[in-house]
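Here's the letter readout for the chains.
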Amino acid sequence: MKKKAENKEQSFFERFCSAQENKARLSLILAAVLVVGTIGSVCTAAITLKADSSVPSENLELNTAEQFLARAAIEASESEEIEFVSAEDYIEETTSVEPRETKRGGLTGEHVVDVSDLKSLTDEELVEAIKAGKAGVIARSDIDTDQSQNQNNVHHGSGGNAPAATDTPTPVPTNVPTPTLAPITMVKYQLGIDISEFQGNINWSKVKADGIDFAFIRCGGRGWGESGKIYEDTKFATNVKNARAAGIKVGAYFFSQALTPYEALEEASITLSKVGSVTMDLPVVLDWETGGGYRTENLKGEDFANVITAFCSTIAQNGYTPCVYLNTGDINNRLGSYSGEILSKYKLWYAYPYSCYSDGSMYKAGDTIPPRSFSYEYWQYSWHGKVSGISTDVDLNIRIMGKTTLNAPEVKLTNTSITSGVGQTIDPLEGVSAKTSQDETTTSGITYEITDESGQKVSLEQAQQKIGKYTITYTYKDSFRGSVTASATWEVVQAVSPTPTPAEQEAETSVTPSPTPAEGENGDNPTPTPVDQEQGGETTETPTPTPVDQEQGGETTETPTPTPAEQGGSGETGGSSGEGGDNGGSTEETGGDNTAT
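Residues numbered from 1 in each chain as written. Predicted model: local features only at pLDDT ≥ 70, side-chain atom pairs only at ≥ 80, totals over all residues. Heavy atoms only, no water.

Topic: the overall build of the protein chain
1) Next: Scanning the protein chain from N- to C-terminus turns up 20 helices and 19 strands.
2) Next: Looking at the protein chain residue by residue over its 597 residues, the buried ones come to 38%.
3) Next: Residue pairs at least 24 apart in sequence account for 68% of intrachain contacts in the protein chain once pairs closer than 6 positions are excluded. (Helix = DSSP H or I, 4+ residues; strand = E, 2+ residues; numbered from the N terminus. Buried < 20%, exposed > 50% of the residue type's maximum accessible area, 1.4 Å probe, protein only. Contact = heavy atoms within 4.5 Å.)

Side note on the packing of aromatic side chains
1) Next: If you walk through the whole model with that rule in mind, you get 22 aromatic pairs.
2) Next: Look at Y325 and W349: their rings are 4.9 Å apart centre to centre, the planes differ by 80 degrees, and that puts the pair in the edge-to-face class. Of this pair, Y325 sits in strand 8 (residues 322-327) while W349 sits in strand 9 (residues 347-351); the two residues are 24 residues apart in sequence, bridging distant segments of the chain. W349 carries the same exposure label as Y325, and that label is buried.
3) Next: Seen from their ring centres, Y354 and Y357 are 6.4 Å apart, and the 5 degrees between their planes marks the pair as stacked.
4) Next: With relative accessibility at 2%, the residue Y354 sits in the buried group.
5) Next: With a relative accessible area of 4%, Y357 lands in the buried category.
6) Next: The rings of Y189, Y350, Y352, Y354, Y357, Y363, F374, Y376, W379 and Y381 are connected pair by pair, giving a single aromatic cluster. (Phe/Tyr/Trp six-rings, centres within 6.5 Å; stacked < 30°, edge-to-face > 60°.)

Quick word on helix 7 (residues 123-131)
1) Next: Along helix 7, the residues classified as buried are L126, V127, A129 and I130. Along the axis of helix 7, the buried residues cluster in a sector spanning 160 degrees; they form a single face.
2) Next: The elements touched by buried residues of helix 7 are helix 6 (115-119), helix 10 (261-275) and helix 11 (301-317).
3) Next: Looking one or two places after helix 7, you find G133, whose phi comes out positive at around 80 degrees. (Arc of directions from axis to C-beta.)

What about the packing of helix 11 against helix 12 (residues 328-335)?
In a pair of packed helices, the angle between the axes and the distance between the axes together describe the arrangement.
1) Next: Two elements in contact, helix 11 and helix 12, have axes separated by 9 Å at closest approach and are oriented at 125 degrees. It follows that helix 11 is oblique to helix 12 by the angle criterion. Listed contacts from helix 12 to G301, F304, A305 and I308 of helix 11 are D330, R334 and L335.
2) Next: Across the contact of helix 11 with helix 12, the residue classes break down as 4 nonpolar, 1 polar and 2 charged. (Axes fitted to C-alpha atoms, helices over the stretch in contact; angles between N-to-C directions. Parallel < 35°, antiparallel > 145°, perpendicular 65-115°, else oblique. Nonpolar A, V, L, I, M, F, W, Y, C, P; charged D, E, K, R; others polar.)

So, the nonpolar core
1) Next: Grouped together as the largest cluster of nonpolar side chains are 73 residues, with contacts concentrated most on I193 and W379.
2) Next: Considering each element in turn, this core owes the most residues, 8 residues, to helix 11.
3) Next: Counting residues in each nonpolar core, the second largest holds 19 residues, with I446, V458, L460 and Y476 among its members. (Core = buried A, V, L, I, M, F, W, Y, C linked by side-chain atoms within 4.5 Å.)

Here we look at the sheet that holds strand 16 (residues 446-451)
1) Next: Pairing within the open sheet is mixed, and its 5 strands lie in the order 13-19-18-16-17. The sheet is open, and its two borders are formed by strand 13 (417-421) and strand 17 (457-458), each paired with just one other strand.
2) Next: Note: strand 18 (residues 468-478) against strand 19 (residues 482-493), 11 bridges, orientation antiparallel. The partner of T473 across the bridge, within strand 19, is S487. (Pairing = 2+ DSSP bridges.)

Regarding a negative patch on the surface
1) Next: Taken together, the side chains of D123, E124, E125, E302 and D303 define an acidic patch exposed on the protein surface.
2) Next: For the negative patch, the secondary-structure elements that each account for two or more residues are helix 7 and helix 11.
3) Next: For the negative patch, the element with the most residues is helix 7, which contributes 3 residues.
4) Next: Mapped onto the elements of the fold, E125 is located in helix 7. (Patch = residues over 30% accessible without salt bridge, like charges linked within 9 Å, V, L, I, M, F, W, Y side chains within 5 Å. Areas by Shrake-Rupley, 256 points an atom, 1.4 Å probe, with all protein chains shown as cover. Salt bridge = Lys/Arg side-chain N within 4 Å of Asp/Glu carboxyl O. Lys, Arg positive; Asp, Glu negative; His and termini not counted. Charge placed at Lys NZ, Arg CZ, Asp CG, Glu CD.)

Written as structure tokens, this is what we have:
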């Protein structure tokens, strides 16, 4: 009984410590677990807020809780397998940043990333992300734009002076024989322009008819002032559509004032949103420019190279050919040692206008181009172009298409010595042709000049009417290699009736009709008698001869038929008849008979 009473006086903790009450022990363990779990959750949540934080070794409260939980778990059940995760491992797992899925933006086929992520990167990190294709493009809603900064950025100055030709010969004078020219290599090219909305409404059909083959069209730009907000070209889509409809190839350019890779990425993103709705034939250009007062005035070196790389890499990753617009100072001074890397990766549109084109004239075949150690596909040679269909001045460009071999042109004559009679008409260009520097035969573009023996120039009509010796000098102006000449001599002589050839005589005989019996050599005489035909003599109008006349066969005159009295007359009459006589018979011989009768 005493022992029982003692037991009643023991507290719950005493019984727990004496290990007499298993239920009490388990209750205490569970209560401890709840307390420690609550403390651990609070600590874990606080630590999770700081990704780079770690569990300090001085956190005795957390370490003690870990140890107590471990001991309690073991004591609670040796048969239950519990995996213990340290607080450090737990924190690392919950605060690690997994790669974020990129959102689909308003640009077809493009990934748009969160602006906050891009802005948190350094310039070098962003450039590497762009080059690796991980940056994507920026959504238009995240780009700060301001159309009031849309300005017409006009170039100033007259440009450089064209150097002496090194790859094209001096045109050949027109007063020397055709020279022998060695073959040369020369560039093939196309004529082009670059325009913005400030060129107004353009008649693209007239532009094409004026010889323009391509155009770079502004899609947008950035203000050159301190704020540097982006704007769009309001006529971009219209100009692209109308230019291509006229048969002109198009590319796009963005007037850049980017200072950082992030700003360059903004510019590339806007550019892609503009060109994505049209068809491009030529590159997409970063038209980076600077000058006094421009926000880009002090950009150079690696920073400048990073801006170009950010824009051009983004353009290339989205299926377009990138290009960069630079002048000599940009290449040599601003890029400096980085120029080789940039120009080896991207096409160059080289800005170096020649002052000889400041009058609005266009580049023509045989003109020189700037000799440079670096290569360029496009050359902006004038800021003062005049092009049909455009009411304002316009920048002029050529696209270098490669090279071609040009041979010596030549005038070819089939006859170098011409003779004609005075008053006879000739064609000096008959049988004359020219071989072009590209080995093509042509009869167009050939001119001639006629000079007399004293060297005086005369007209074709004058020479045809005056006896003398002349020289005909033929000139052909080749589009690439200048003018070449050749000469022929021409003598105008007294006109002489030429001796007809056998063929001409035969032709004359064939067209003369044979005389009829009534027409021949008798003129208007009556049909000749048999005696006339037999004698073949020329007759006059004679009455029909008597039998005596026919028998005598002599030539007769007009004699009337004798009367019977005349026939029986004296011998005088007969003698008269005999005197008349070509009839050959004496009158006495015939007349005697008549008298006897």
